[in-house]
Amino acid sequence: TLIGDFPNMIIGAAGKLHFDDFIGGMMVPCLLMLGILLGTFRRRMVRSEDSEVMTGKIEPAAGKPPVVDRYLSRMGLSVLGVTLLALVFAQPLGLQPATIALVAGVTILGWGRVPRETLFKAMSGGDILFFAALFTMVGGLQAAGALAGLHDLIVTLGGNHATRSVLILMWMSALLTPFLNAGPTTALLVPVAGVLNQEFSGSPVWWALSLGVLAGSSATLSGATAGPVVASQMLHQLAEYRRASHSGWRLDSGRYRRWGIPMAITFLVFSTLYIALLSL
């Protein structure tokens, strides 16, 4: 979906795409790839050295239940529900997704009783500053003509053919994402995708970029924000489990790559077939 991942939000803003556009272009391939992922994991876990910890019976250590702010919980869920409805009906209502998201965020910050000392963290201020600097850098590269050179390279390699050029964009994004992370790669390639979208009107440029970043972010632990978050959370949780901590099992970059790279290649092959089919 448009809000399922940050790269999609960047693509949606650049391509002026709405919630229903993403459902139409991305939902089917993503559900099929989810099926491939689950099937592959089920087969590999049977014979994997990791399966002892993954499927073993481990008892969590006793701990205090988390404290829930009931007011903020109710308000957050209510704003989330209204926001999702607004995003679904944004196109017929003539609303921009960014406007809806901004109103929802301001509502939570204004009436959510968020403590002032945690306000910067609550609004992900660090992420906002990072991406502000990132887009400034990308704007500088674009003004310097570096991105024009990248566009020319894609078109030259594609032989000025729409489908081949779009596929090269997708493969390039898949190769860059494991090293640059999903958000920066998308920000870097969005201006290039915008030019390609104008030159090859009607081609699935935006879906190719989104699927390429999705494949690349699956390859390494640092390819997407979710990877480091899950790794650190697992490290904390496994320390709470006597059996797991005794085994010394942990999710590190090497272990992740053994699972992630084959899945990234599988996703990229499947996405290539999907984009080629859309381009017919």
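Refer to the preceding data block for the structure.
Residues numbered from 1 in each chain as written. Predicted model: local features only at pLDDT ≥ 70, side-chain atom pairs only at ≥ 80, totals over all residues. Heavy atoms only, no water.

Per the secondary structure count, the protein chain includes 15 helices and zero strands. With 280 residues in all, the protein chain has 38% of them scored as buried. When the accessible surface of the protein chain is split by element, carbon and sulfur atoms take 66% of a total near 16,400 Å². (Helix = DSSP H or I, 4+ residues; strand = E, 2+ residues; numbered from the N terminus. Buried < 20%, exposed > 50% of the residue type's maximum accessible area, 1.4 Å probe, protein only. Areas by Shrake-Rupley, 256 points an atom, 1.4 Å probe, with all protein chains shown as cover.)

Another aspect to go through is unusual backbone geometry. A positive phi angle is found at lysine 16, which is not glycine, with a value near 55°. Secondary-structure assignment places lysine 16 in the loop between helix H1 (6-15) and helix H2 (19-47). A residue is classified by how much of its surface remains accessible, and lysine 16, at 64% relative accessible area, is exposed. Positive phi, normally seen in glycine, also occurs at asparagine 160, with a value near 60°. With respect to the secondary-structure elements, asparagine 160 resides in the loop between helix H9 (146-157) and helix H10 (162-180). Since its relative accessible area comes to 55%, asparagine 160 is described here as exposed.

Let's shift gears to the side chain of serine 210. For serine 210, the position within the fold is in helix H12 (residues 205-217). In this structure serine 210 touches Asn8, Ile11, Phe22 and Met26, once residues within four positions along its chain are discounted. (Contact = heavy atoms within 4.5 Å.)

With that out of the way, let us pick up the side chain of asparagine 8. Its place among the elements puts asparagine 8 in helix H1. At a separation of 2.7 Å, a polar atom in the side chain of asparagine 8 contacts the side chain of serine 210. Leave out the neighbours within four places in its chain, and asparagine 8 touches Thr1, Leu2, Phe22 and Ser210. (Polar contact = N/O pair within 3.5 Å; in protein donor to acceptor, adjacent residues only side chain to side chain.)

Position of threonine 220 among the secondary structure elements: in the loop between H12 and helix H13 (226-239). C-alpha of threonine 220 to C-alpha of proline 178: the two residues are 42 residues apart in sequence and 5.6 Å apart in space. Apart from residues lying up to four places away in sequence, threonine 220 is in contact with Pro178, Tyr256 and Arg257.

As a further point, take H10. An α-helical turn contains 3.6 residues, so a residue and the one three or four places further along point in the same direction. Here H10 spans 26 Å end to end across 19 residues, near enough to the 27 Å set by a 1.5 Å rise per residue. All of the buried residues in H10 are Thr163, Ser165, Val166, Leu167, Ile168, Leu169, Met170, Met172, Ser173, Ala174, Thr177 and Pro178. Where H10 is buried, its residues contact H9, helix H11 (182-199), H12 and helix H15 (253-278). (Expected span 1.5 Å × (residues − 1).)

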